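Descriptive analysis of the structure
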Amino acid sequence: MFSLADFEAHAGAVLDKNAWDYYSSGADQEQTLRDNKEAFRRYRLRPRFLRDVSQVDTKVQLFGGEVAFPICVSPTAMHCMAHPDGETATARACTKMGTCMVLSCWSTTCIEEVAEASGSGLRWCQLYIFRDRQLTRELVLRAEKAGYKALVVTADTPIVGRRLADSRNRFNLPPHLSLANFSNVQAQSSLVIKEHDSGLYQYTTAMIDPSLAWDTIDWLRGVTKLPIILKGILTAEDTEEAIKHNIQGILVSNHGARQLDGVPATVSLTHHPLTL
């Protein structure tokens, strides 16, 4: 396999429908999912030649850490549905390549195991704000203790997007897997199907706080000294609010087109100023 398209085709051939549809689908009619791909095709390179490229340095500093090139691995959930090594394999690969892994708190391998697999690699921890603030606080403290260097707070998921493929499949984790960062009964039982819908939708409804607002971010700042990065920002107005609340960084993201269908393709927003 030599390209992302090769890996995508292989995954579609070997994964079961429950996993493949979860990984590959977007929200509602998938307009934004299609546009995410098409937007890249609309861009063209404007090369400058006759430059000395015999010595090239692509290293970037990120909050005191260093990556070998400015491409990191965004948080994605439930890697063990694709391979038994799951998130630990992703962590090892990121360390080997010299880049940053952002671990999803919905991982099927726990924070501590991923940190061990990552070794000296740069790692950040993605965080949802849960209705149970003590649960949220415990995840933050575990991430700090395990050597994660920043918190990536997902701002665009007060409720999960309407993903039709997951609803049709009544998506659920395979019985041998669990959301490894949660040991309490409520968190684990939330992914047990109770109705004719996605188990993930039921989980988010039960666990994630839909009242998430800027004052919640202020609360989080009182819990941790780690840099806070907001993921899911799409407008200049929200960027300005982030600056007012002393947020250290933003990730411009439409959640892989999995949340609100009809928003712009992320890459297209490079034409729109998001910062002051």
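Before going into details, it helps to say that this report is about the structure given with it. This is a predicted model, so every value here is computed, not measured.

With that out of the way, let us pick up the packing of helix α4 (residues 86-97) against helix α5 (residues 111-118). Geometry of a packed helix pair, given as the angle between the helix axes and the separation of the axes. Running from N to C, α4 and α5 cross one another at 30°; their axes reach a closest spacing of 8 Å. Crossing of α4 against α5: the hand is right-handed. Packed against α4, whose contacting residues are Glu-87, Thr-88, Ala-91, Arg-92 and Thr-95, the element α5 presents Glu-113, Val-114, Ala-117 and Ser-118 at the interface. When grouped by side-chain class, the residues that make up the contact of α4 with α5 number three nonpolar, three polar and three charged.

With that out of the way, let us pick up the sheet that holds strand β3 (residues 101-103). Pairing is parallel in the open sheet, where five strands are placed in the order β3-β4-β5-β6-β7. The two strands at the open ends of the sheet, each matched to only one other strand, are β3 and β7 (249-252). Put simply, the sheet's adjacent strands are angled 30° from each other on average, direction ignored. Sheet strands touched by helix α6 (residues 133-145): β4 (123-127) and β5 (151-154). Its angle to β4, the strand with the most contacts, is close to 175°.

Relative to the helices and strands, Ser-107 resides in the loop between β3 and α5. Looking at Ser-107, the relative accessible area reads 0%, which means it is buried. A distance of 3.0 Å separates the side chain of Ser-107 from the side chain of Asn-181, its partner in a polar contact. When near neighbours in sequence (up to four residues on either side) are disregarded, Ser-107 contacts Met-78, Glu-87, Ser-178, Leu-179, Ala-180 and Asn-181.

Quick look at the nonpolar core now. By size, the foremost hydrophobic cluster in this structure holds 49 residues, and its most contacted members are Met-78, Trp-106, Phe-130, Tyr-148 and Leu-220. The greatest single-element share of this core, amounting to four residues, is contributed by α6. Excluding its chain neighbours within four sequence positions, the residues that come into contact with Met-78 are Tyr-22, Tyr-23, Glu-87, Trp-106, Ser-107, Thr-108, Phe-171, Leu-173, Leu-179 and Leu-200. By size, the runner-up hydrophobic cluster in this structure holds eight residues, among which are Val-67, Cys-100, Leu-122 and Val-152.

Listed in full, the buried residues belonging to helix α2 (residues 17-24) are Asn-18, Ala-19, Asp-21 and Tyr-22. One side-chain oxygen at the N-terminal end of α2 lies 3.1 Å from the backbone nitrogen of Asn-18; it belongs to Asp-16.

Moving on to unusual backbone geometry. The backbone of Phe-63 shows a phi angle near 50°, a positive value even though the residue is not glycine. Secondary-structure assignment places Phe-63 in the loop between β1 (60-62) and β2 (65-67).

On to the pattern of salt bridges. Per the counting criterion, the structure on display carries nine salt bridges. One salt bridge connects Asp-57 with Lys-59, and the closest N-O pair in it is separated by 3.1 Å. When its relative accessible area of 55% is taken as the criterion, Asp-57 is described as exposed.

Relative to the helices and strands, Asn-254 resides in the segment after β7. Relative accessible area serves as the criterion here: at 3%, Asn-254 is assigned to the buried category. Looking at Asn-254, its side chain comes within polar contact range of the main-chain nitrogen of Gly-256, at 3.3 Å. Side-chain polar atoms of Asn-254 contact the backbone nitrogen of Ala-257, separated by 2.9 Å. For Asn-254, the residues in contact, after removing those within four places along its chain, are Thr-32, Asn-36, Asp-156, Leu-234, Gln-259, Val-263, Pro-264, Ala-265 and Thr-266.

About the criteria used
- Residues numbered from 1 in each chain as written.
- Predicted model: local features only at pLDDT ≥ 70, side-chain atom pairs only at ≥ 80, totals over all residues.
- Heavy atoms only, no water.
- Axes fitted to C-alpha atoms, helices over the stretch in contact; angles between N-to-C directions.
- Helix = DSSP H or I, 4+ residues; strand = E, 2+ residues; numbered from the N terminus.
- Left-handed = near helix turned anticlockwise from the far one by under 90°.
- Contact = heavy atoms within 4.5 Å.
- Nonpolar A, V, L, I, M, F, W, Y, C, P; charged D, E, K, R; others polar.
- Pairing = 2+ DSSP bridges.
- Buried < 20%, exposed > 50% of the residue type's maximum accessible area, 1.4 Å probe, protein only.
- Polar contact = N/O pair within 3.5 Å; in protein donor to acceptor, adjacent residues only side chain to side chain.
- Core = buried A, V, L, I, M, F, W, Y, C linked by side-chain atoms within 4.5 Å.
- Salt bridge = Lys/Arg side-chain N within 4 Å of Asp/Glu carboxyl O.

Any functional reading would require information that these geometric values do not contain.
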